[in-house]
Amino acid sequence: MHGFRTLLYKEVLRFWKVGFQTVAAPVLTALLYLLVFSHTLERQVRVYENLSYTSFLVPGLIMMSVLQNAFANSSSSLIQSKVTGNIIFVLLPPLSYREFFSAYVLAAVLRGAVVGFGVWLGTCWMVDLQYAAPWWIVVFTLLGGGILGALGVIAGIWADKFDQLAAFQNFIIMPLTFLSGVFFSIHSLPAFWHGLSRVNPVFYMIDGFRYGFFGRSDVSPWISFAVTACFFLLLAAATLRMLARGYKLRG
Amino acid sequence: MNAAIRVRQVAKRYGKVQALAGVDLDVTSGEFFGLLGPNGAGKTTLISALAGLVRPDQGTLEVMGYDVIRQYRDARRNLGVVPQELVFDPFFTVRETLRLQSGYFGIRHNDDWIDEILAHLDLTPKADANMRALSGGMKRRVLVAQALVHRPPVIVLDEPTAGVDVELRQGLWQFVRRLNQAGHTIVLTTHYLEEAETLCGRIAMMKAGRVVALDTTANLLRLHSQHSLKIRLANAGALPERLAERAKSIAPGQFVLPLESYDEMGGIFAALQAAGLSIDDFDLAKPDLEDVFVAVMAGA
Ligand SMILES: Nc1ncnc2c1ncn2[C@@H]1O[C@H](COP(=O)(O)OP(=O)(O)O)[C@@H](O)[C@H]1O
Ligand SMILES: [Mg+2]
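Residues numbered from 1 in each chain as written. Chains lettered and ligands numbered in written order. Predicted model: local features only at pLDDT ≥ 70, side-chain atom pairs only at ≥ 80, totals over all residues. Heavy atoms only, no water.

## Regarding the interface of chain B and chain A
Listed as interface residues are 29 residues of chain B and, on the opposing side, 31 residues of chain A. Summed over both partners, the interface of chain B with chain A comes to about 2700 Å²; 61% of that surface belongs to carbon and sulfur atoms. Contact with chain A buries area across many residues of chain B, yet L53, F91 and Y104 of chain B alone supply 29% of it, more than any other trio. With a shortest N-O distance of 2.9 Å, K17 of chain A and E96 of chain B are connected by a salt bridge. Taken together, the links from chain B to chain A amount to 15 residue pairs in polar contact (both at pLDDT 80 or more). Those elements that place two or more of their residues in the side of chain B that touches chain A are helix 2 (72-77), helix 3 (94-104) and helix 5 (136-148) of chain B. Considering every element that reaches the side of chain B that touches chain A, the biggest residue donor is helix 3 of chain B, with five residues. Tallied by class, residues from the side of chain B that touches chain A come to 16 nonpolar, five polar and eight charged. (Contact = heavy atoms within 4.5 Å. Buried area = accessible area lost by both parts, 1.4 Å probe. Salt bridge = Lys/Arg side-chain N within 4 Å of Asp/Glu carboxyl O. Polar contact = N/O pair within 3.5 Å; in protein donor to acceptor, adjacent residues only side chain to side chain. Helix = DSSP H or I, 4+ residues; strand = E, 2+ residues; numbered from the N terminus. Nonpolar A, V, L, I, M, F, W, Y, C, P; charged D, E, K, R; others polar.)

Given below as structure tokens:
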């Protein structure tokens, strides 16, 4: 148990020590998105009755930051450790693969949550936000961060080089987050993209997360919860199996 | 005596390369054991398999009686490995590195022991320096320290002195010897054969994934190497016939005479004197591990 806690602590310390890059920078990015999109679209787009586009956008941006940073945390930590070789420091001790998995994923969730909180802090005073069902906000933060944290573990272990990781990020993670209703309600998308969004787990994370704020969403938060929770369990099982087999880590 | 390390029929293949081709090895608790062999012999692969970093294709490995796969927790708690590669985590200081490593092994409040290791390795002044700011030799010593945080009974050092200057090497060996005297089992790989010769009680030599020689250092030296007398005669003289038969000529007037024992020396010098030859120079060569290594590698 202490071994697991130490690994978690190390993973948190790792991003906290360089918080300027790992927390402040993504918060700033999200605020810039908000500035540009709300400025250009505030007048044209109205997703829900009585809700400004800017207000609609903020939860999506917060969630997007949670997801991207959760992924970035576990994936970059693992690939750095692999490339520099210091991964052996955590492979030599008597840590189980479950402890390994939990520590990396929890640290990823934490990084995502801290960045998400930062984006909220930067926006809440200038945007009219509601908190209709705060528990859903917490639940989807944890599940979303957990899913992307686990994906980050997979990507970080699979990739041998930084550019492979970048490809994973650019061709899988970015499209998933952008085609998920961060910037629009997916109802406003053409039918094909609308259909595609429905099989995108990130859509359910963002839709459920947004429900927590406005009590309104494209699908019921319970459906979003069921989809996200199942997806997390599947992904966790896959990641644990990969770790148990020692894929790429214990050759 | 109980086995600190037990390796049975371990094989490992990387693509076309048979890195380990059925290795059997026992290291007894308390031994100072040398693992020698040319580059690519499979030493690091064997150590990695022992540490659970590499899964063998077949065979079993145990540390202090614990199977490294089925009982990996106990096996790893009993093993400290100093890796061959000079790796470090640039995010942390020396002390943070050692505290984290202690934590991974489930140990809290390890600062007393950490301070002791730091002192023995002359790292105390660098305790709060970032890993990035250390020289190669210092980073190497931090790796040694990391391998010791959990006081493992079995310590494996994979070429710990590669790229470390002489003074540091001496200090490191003194420390490792002390650990051995305190009861730790030491397994060492090194390219410096004279180091292995003075330190190791028993030696295994590997070649192409196999153990090709395994014996006490004394036996290896006796079997494959001899004392010898090297003589240079004045005016490029020739040896009397009786000596020439057993001598090897290495240059005009220079000969090497193998000795069964030092007692023969009197007779040799007497024979030279009787023949009216005068000696410019002579040298006594002791058996050394280099000869053994060359002989074993050539024969294997
Ligand atoms: N991860 C790996 N992938 C492919 N080949 C490897 C790997 N590790 C070791 N080898 C090969 O296995 C052989 C043994 O290597 P190694 O155990 O490092 O030898 P040593 O430590 O004795 O120099 C070498 O031919 C090496 O190239
Ligand atoms: Mg090696």
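Back to the text.
## Here we look at the packing of aromatic side chains
Residue and element names in this part refer to chain A. All chains considered together, the criterion is met by 22 aromatic pairs over all chains. When the centroid spacing of 5.7 Å and the interplanar angle of 5° are considered together, the rings of F71 and F168 count as stacked. Taken together, the positions of F71 in helix 3 (residues 53-84) and F168 in helix 7 (residues 162-178) put the pair 97 residues apart, joining distant regions of the chain. As far as the burial class goes, F71 and F168 line up, both buried. For the ring pair F213 and F214, a centre distance of 6.2 Å and an interplane angle of 45° mean the geometry is tilted. (Phe/Tyr/Trp six-rings, centres within 6.5 Å; stacked < 30°, edge-to-face > 60°. Buried < 20%, exposed > 50% of the residue type's maximum accessible area, 1.4 Å probe, protein only.)

## Concerning the pattern of salt bridges
When their charged atoms lie close together, side chains carrying opposite charge are able to pair. Taken as a whole and judged by the stated rule, the model has 13 salt bridges over all chains. With its nearest N and O atoms 2.9 Å apart, the salt bridge here joins E11 of chain A to K10 of chain A. Each of the two residues, E11 of chain A as well as K10 of chain A, counts as buried. Residues R202 of chain B and E31 of chain B are paired through a salt bridge, measuring 2.5 Å at the closest nitrogen-oxygen approach. Remark: E31 of chain B occurs in the loop between strand 2 (17-28) and strand 3 (32-36) and R202 of chain B occurs in strand 9 (residues 202-207); sequence separation between them is 171 residues. R202 of chain B sits in the buried class, given a relative accessible area of 19%.

## Some words on the sheet that holds strand 7 (residues 154-158) of chain B
Residue and element names in this part refer to chain B. The strand order 6-7-8-3-9-10 describes an open sheet built from six strands, whose pairing is mixed. Bordering the open sheet on either side are strand 6 (79-82) and strand 10 (210-216), each of which pairs with just one other strand. Strand after strand, the sheet turns through a mean of 15° between neighbouring axes, direction not considered. Alignment of strand 9 against strand 10, held across six bridges, turns out to be antiparallel. In the sheet register, R202 faces strand 10, and the bridge partner there is T216. This element, helix 5, spans strand 6 and strand 7 of the sheet and lies at about 170° to strand 6. Across the sheet, helix 11 (residues 289-299) is in contact with strand 3, strand 9 and strand 10; its angle to strand 9 comes to roughly 40°. (Pairing = 2+ DSSP bridges. Axes fitted to C-alpha atoms, helices over the stretch in contact; angles between N-to-C directions.)

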